[in-house]
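Breakdown of the fold
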Amino acid sequence: MSRRRGGCERSLRYVPSGSEPNVIPPGKQNSTGPTDRSPSLDPYIYQGVSTAGAPQRPGVPLSCPMMSPETESQKEYKDPENVVVQDVENVYRPDVDTSSVDGRKLMRRIDWHVVPWLAVLYLLNFLDRGNIGNAKLYGMTEDLHITDKQYLVALTVFFFPYSLLEPPSNLALRKLRPSMWLSFIMLVWGIAMTLHGVVTNYAGLVGLRVLLGLAEAGLYPGIVFYMSCWCKSNELGSRVGVFFSSATIAGAFSGLLAAAIHNMDGVGGKPGWAWIFILEGLVTVVCAAASFFILSDFPDTAKFLNETERVWVVRRLQADMKFSAGGEKFKTKYVWQTLTDWKTWLAMGIYMGFDGPLFAFSLFTPTIINQLGYKATAANLLSVPVYAWACIMTVVIGFLGDKVKTRAWVNLGLFGSGLVGYIILICSKNPSLSYFAVYLAASSIYPTIPNSVAWVSSNVEGSYKRSAVLAMAIGWGNLNGAVTSNVYRAVDKPWYRLGHGIVLAYIAIGWLCSLGYYLYLRRENAAREKGERDEVIDGVDNKHAREENGHFVSIEAARSEKGDQWSGFRYSL
């Protein structure tokens with residue numbers, strides 16, 4: 001079995017679940033031999049086929065040997081989820097023997113080092129961003145003598161720096177150490193959040209919201225990009241789902257915490273809403289200091305791994321078509337590739353479809369429930385089960401997306417359920433039915449995020465390009481929070497039909513862009529299978545190769561130069 005890879009027939013090797021390609025250094029093959037977990041490879045032996053004396057097909061150089069007939073033992077290993085392409089000529093650090101690495105055990109250790117703390121950071125990020133909605137219910141606007149319009153302006157100004165600084169922040173993260181960059185921006189926003197508790201007027205509130213947007217801009221896109229540098233494409237959804245579930249926990253915890261902290265009303269001469277900001281901000285500052293020591297860096301430099309484990313992780317990612325996992329130098333062309341790639345703009349539409357509704361939902365859920373006839377504390381508490389349900393759905397969909405392999409259908413189904421939920425909210429005049437529709441909305445908006453993040457990330461190759469694409473998509477999605485934070489006006493209460501209608505339009509945009517993204521990816525994969533995207537490679541006779549697709553001295557050069565636009569790259573549907 002073979003598949004054309006950039007003008008060359010590349011053999012496909014089946015790898016059993018939990019194992020990864022490894023290389024036995026020259027001179028050790030006879031003493032070590034193949035293991036049960038992973039067949040050995042060297043520059044001369046590829047899946048038991050020697051390149052020396054191998055029959056040559058027309059147009060196939062000897063460096064791309066034909067694959068021998070499958071044995072019964074090889075058939076036992078066949079698993080559609082674990083087909084990898086291993087180019088032994090360009091393997092990362094071929095001098096390192098990784099045959100002793102227990103893949104499953106190492107990945108569990110990596111998950112425990114990477115995911116939990118990131119979830120804590122995002123919980124604090126989401127908590128600090130949205131707690132102004134809880135503070136409003138406890139009299140913040142009255143104490144600061146600001147109008148409903150001024151309150152909406154204070155919400156809106158947060159999103160401009162928050163969105164515009166995400167792309168440069170991601171590039172800074174790639175250039176610097178994640179432990180340093182993420183800890184720094186977290187410290188700044190923790191201080192800004194604490195100062196919310198001592199603000200005395202409208203101008204001070206607006207200034208602090210701008211500073212908060214500046215500092216928080218880098219966390220979410222930075223974490224998403226950082227996780228994509230550790231996980232394979234069919235693993236990212238579940239990890240992002242677990243990490244992003246902290247946002248739903250923050251939504252639930254925010255209501256409980258606000259109700260508890262409000263009991264400090266009058267302590268130190270400050271109102272209860274001020275203590276919400278002060279205490280939550282101080283917790284963030286403490287966690288920022290701890291993050292500098294807890295956060296790990298990228299796989300090729302992570303200190304909690306030894307050299308052999310680092311090599312194993314990098315090879316594993318490269319086998320998943322993340323060829324830049326071994327390191328990549330910044331070039332301005334990566335920014336240009338991002339801007340000229342149609343996938344970037346459709347991804348921005350997808351993110352717009354869930355990020356706009358996300359901010360509206362998180363900022364106004366307590367207010368919406370309050371206007372259905374419930375008091376402030378009851379409204380905060382009634383938002384808790386909504387977020388608990390969203391948390392469960394986020395984790396379930398994250399794992400489901402990794403299993404089904406076609407993330408497009410998951411996205412279309414989730415956006416579809418959101419359309420139903422907001423149609424009910426627009427039409428309903430029954431508080432109980434509207435409260436049920438809020439559950440439908442939550443089970444659509446939150447689970448769509450990890451599935452979309454994994455889908456977009458897996459279809460972009462090149463670490464700098466991937467960081468730029470994710471930052472642009474997330475930044476554009478977040479910029480729409482400036483719109484949706486203004487759609488629930490006091491004059492529209494108690495049913496807020498205008499706000500619900502605008503959110504409904506956003507979800508429809510997400511559904512359409514998901515469909516367009518899927519159709520374009522499928523068409524491009526079909527074109528590559530036909531050889532329509534094959535590059536001209538020196539020394540390779542390929543009748544499908546075209547000059548307009550590029551001319552390169554080697555397959556490695558084409559792969560490195562073109563990233564996901566290389567003819568051998570296959571998009572995930």
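Up top is the structure.
Now for a quick tour of the structure.

Moving on to the overall build of the protein. A count of helical and extended segments in the protein gives 22 helices and 7 strands. Burial analysis of the protein (573 residues in total) assigns 60% to the buried set. In the protein, the share of contacts with a sequence separation of at least 24, taken over all contacts with a separation of at least 6, comes to 79%. As presented, the protein carries roughly 22100 Å² of accessible surface, and 63% of it is formed by carbon and sulfur atoms.

Quick look at the pattern of salt bridges now. As enumerated under the stated definition, the model contains 13 salt bridges in all. One salt bridge in this structure joins R528 and E524, with 3.1 Å as the shortest N-O distance. One end of the pair, R528, and the other, E524, are both in helix α21 (residues 497-529), 4 residues apart, so they sit about a helical turn from each other. Take E524: its relative accessible area is 13%, and that puts it in the buried class. For R533, the salt bridge goes to E524, with nearest N and O atoms at 2.9 Å. Among the residues examined, R533 registers a relative accessible area of 27% and is labelled partly exposed. In the salt-bridge network here, residues are joined through shared partners; they are D341, K343, K465 and D564.

Here we come to the packing of aromatic side chains. Applying the stated criterion across every chain, the model contains 24 aromatic pairs. Taking 6.2 Å as the distance between ring centres and 80° as the angle between the ring planes, the aromatic pair formed by W273 and F277 counts as edge-to-face. In this pair, W273 and F277 are both assigned in helix α12 (residues 272-294), 4 residues apart and thus about one turn of the helix distant. Relative accessible area serves as the criterion here: at 3%, W273 is assigned to the buried category. Each ring, one from W409 and one from Y518, has its centre 5.2 Å from the other, and the planes form 55°; the classification is tilted.

Glancing now at helix α18 (residues 431-458). Taking 1.5 Å of rise per residue, the 28 residues of α18 would be expected to cover 40 Å, and the 42 Å separating its terminal C-alpha atoms lies within 8% of that figure. Along α18, 23 of the 28 residues are buried, which leaves the element largely enclosed by surrounding structure. Residue N430 occupies the N-cap position of α18, its side-chain oxygen lying 2.8 Å from the main-chain nitrogen of S432.

As a further point, take the state of the cysteines. Here, disulfide denotes a covalent bond that connects the sulfur atoms of two cysteines. A full pass over the atoms with the stated rule returns 0 disulfides. In this structure C229 is a free cysteine whose sulfur lies 9.6 Å from that of C231, the closest cysteine sulfur available. On the basis of relative accessible area, C229 is assigned to the buried category, the value being 9%.

Let's shift gears to the packing of helix α8 (residues 178-195) against α12. It is at 8 Å that the axes of α8 and α12 come closest, and there the two elements cross at 165°. Looking at the two axes, α8 sits roughly antiparallel to α12. Like other packed secondary-structure pairs, α8 and α12 cross with a definite hand, here left-handed. Each of S179, M180, S183, M186, L187, W189, G190, I191, M193 and T194 in α8 lies in contact with α12, whose residues at this interface are F277, I278, G281, L282, T284, V285, C287, A288, S291 and F292. By residue class, the composition of the contact of α8 with α12 is 13 nonpolar, 7 polar and no charged.

With 15 residues, helix α9 (residues 202-216) ought to run about 21 Å at 1.5 Å a step, and its terminal C-alpha atoms sit 21 Å apart, in line with that. Next to the buried residues of α9 lie α3 (103-137), α4 (140-144), α5 (148-157), α6 (159-164), α8 and α10 (219-228). Capping the start of α9, N201 holds a side-chain oxygen 3.3 Å from the backbone nitrogen of A203, two or three residues further along.

Attention now moves to the packing of helix α7 (residues 166-175) against helix α19 (residues 463-479). Close contact between α7 and α19 brings their axes to 8 Å; oriented N to C, the two are set at 150°. The angle between α7 and α19 falls in the class roughly antiparallel. As α7 packs across α19, the resulting crossing turns out to be right-handed. Side by side, α7 and α19 meet where E166, P167, N170, L171, R174 and K175 of the first sit next to S463, Y464, S467, L470, A471, M472, I474, G475 and N478 of the second. Considering only residue class, the contact of α7 with α19 consists of 7 nonpolar, 5 polar and 3 charged.

This next bit is on the nonpolar core. Core analysis: the biggest nonpolar cluster contains 134 residues, and Y220, W230, F243, F361, Y422 and Y446 have the highest contact counts within it. With 15 residues, the top contributor of residues to this core is α3. Non-local contacts of Y446, meaning those with residues more than four positions away in its chain, are made with F126, F244, A247, T248, L358, F361, S362, Y387, A390 and T394.

Moving on, we get to the side chain of N480. Its place among the elements puts N480 in the loop between α19 and α20 (481-484). Residue N480 is classed as buried on the basis of its relative accessible area of 6%. Here N480 is in contact with M352, G356 and Y506, once residues within four sequence places are set aside.

Further remarks concern the environment of D341. For D341, the location among the structural elements is in the loop between α14 (332-340) and α15 (342-371). For the pair D341 and V460, spaced 119 residues apart in sequence, the C-alpha separation works out to 9.9 Å. Ignoring anything within four residues of it in the chain, the contact list for D341 reads K465, D564 and Q565. At a separation of 2.6 Å, a polar atom in the side chain of D341 contacts the side chain of K343.

Definitions and limits used
Residues numbered from 1 in each chain as written. Predicted model: local features only at pLDDT ≥ 70, side-chain atom pairs only at ≥ 80, totals over all residues. Heavy atoms only, no water. Helix = DSSP H or I, 4+ residues; strand = E, 2+ residues; numbered from the N terminus. Buried < 20%, exposed > 50% of the residue type's maximum accessible area, 1.4 Å probe, protein only. Contact = heavy atoms within 4.5 Å. Areas by Shrake-Rupley, 256 points an atom, 1.4 Å probe, with all protein chains shown as cover. Salt bridge = Lys/Arg side-chain N within 4 Å of Asp/Glu carboxyl O. Phe/Tyr/Trp six-rings, centres within 6.5 Å; stacked < 30°, edge-to-face > 60°. Expected span 1.5 Å × (residues − 1). Polar contact = N/O pair within 3.5 Å; in protein donor to acceptor, adjacent residues only side chain to side chain. Disulfide = S-S within 2.5 Å. Axes fitted to C-alpha atoms, helices over the stretch in contact; angles between N-to-C directions. Parallel < 35°, antiparallel > 145°, perpendicular 65-115°, else oblique. Left-handed = near helix turned anticlockwise from the far one by under 90°. Nonpolar A, V, L, I, M, F, W, Y, C, P; charged D, E, K, R; others polar. Core = buried A, V, L, I, M, F, W, Y, C linked by side-chain atoms within 4.5 Å.

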